[in-house]
Amino acid sequence: MAYLLLVLTVLFWAGNFVLARSLVDVLPPVTMASMRWTLAFLILLPFVYKRLYQNRLEIIKHWKILTLLGVLGVGFFNTFVYLGVQSTTAINATLLQSAIPIMVLAISSLFFQEKVSAKQCLGIAFSFLGVIVLVTKGQVQNLVTMTLNTGDLWILASVTSWTLYSVFLRYKPQSIDGLTFLAITMLLANIVLYPLVSIEWYFLLQSNVEVPSISINTDTVTAILYLAVFPSLLSYLFWNRGVAEIGASKASLFIYLLPVFGLILSVVFLAEQPQTFHGIGILLVFIGIYLAIITELLAKFNKSSQ
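What counts, and at which threshold
- Residues numbered from 1 in each chain as written.
- Predicted model: local features only at pLDDT ≥ 70, side-chain atom pairs only at ≥ 80, totals over all residues.
- Heavy atoms only, no water.
- Salt bridge = Lys/Arg side-chain N within 4 Å of Asp/Glu carboxyl O.
- Helix = DSSP H or I, 4+ residues; strand = E, 2+ residues; numbered from the N terminus.
- Buried < 20%, exposed > 50% of the residue type's maximum accessible area, 1.4 Å probe, protein only.
- Polar contact = N/O pair within 3.5 Å; in protein donor to acceptor, adjacent residues only side chain to side chain.
- Contact = heavy atoms within 4.5 Å.
- Core = buried A, V, L, I, M, F, W, Y, C linked by side-chain atoms within 4.5 Å.

Draft legend 1. How the structure looks around the pattern of salt bridges. In total, this model carries two salt bridges according to the counting rule given. Taking the shortest distance from any N to any O, the salt bridge between D177 and R51 comes out at 2.8 Å. Taken together, the residues span a long stretch of sequence, with D177 in the loop between α9 (150-168) and α10 (178-206) and R51 in helix α2 (residues 29-54) at a distance of 126 residues. The exposure class assigned to D177 is partly exposed, which follows from its relative accessible area of 27%. Residue classification places R51 among the partly exposed residues on the basis of a relative accessible area of 32%.

Printed below as a string of structure tokens:
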């Protein structure tokens, strides 16, 4: 079940990237993140307000780690992504996001002695190669001409934030259930984001740039609802459950599916035509996931059935 949840998580994230790009001219990035998480918290609140009260002593007791996880995984990660897509290319953003599994693997093995098998390392290599093929459109020499701009640095900051969140999830208080944990981290993230929204609008109004015109229509409301429900509520519940069951290193490998799902969504919703390099890249990604995860899963299944 954990593997299915992680696949759905990355699928919802791919939709998050597509919609974030479509809302660039409608909502400022920090405002977009704040609206998303405020709505997500309000949707979740009727189901967890009793649990929040019942767990208040545990929440107070563990406020430091809860605040850290809320800021890193909820507040900063998505805000940095929204800031990044304002000025970077899809190639740069996707390639930088694909660094998450490697960073998680390195931190988990170096500082937390999490075991990494040879097949996992080989799987990472294949998946990373597949991502490179996808984001460079089969012309790997394009990597030589890539340059980092401000947007790339924001994406890199989001990668770092999510990596630390995934690794530090091991310290999530076991006495706090998943829904309560998600609700409190959302609340803490919103507390951090609200002052940043004020600062964002202050500088927008003081600058000479054109202030985005927030238009409330069916498309905008639908987009915000999607951001609040799928990549917010469901993805975080699914990701936290997946990390708890199989560990941060293995769970992070599913992020290599991000460019794959991004391609599929582009074909379905943007009518883009798939090319030969798309098939090659997707094949390499799935070979990597097979080597790193599925072979181990099959081995465990065969062992348990003997």
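Okay, back to it.
Draft legend 2. Representation of the side chain of N190. Checked against the element boundaries, N190 lands in helix α10. Engagement of the side chain of N190 in a polar contact is seen with the backbone oxygen of W37, the distance being 3.3 Å. In this structure, N190 is in contact with S34, W37, T38 and F41, ignoring residues within four places of it in sequence.

Draft legend 3. View of the nonpolar core. Of all hydrophobic cores here, the largest spans 74 residues; its most connected members are L66, W162, Y165, M186, Y236 and W239. Setting aside residues up to four positions removed in sequence, Y236 forms contacts with R36, W37, G73, V74, F77, N78, W162, Y165, L182 and P231.

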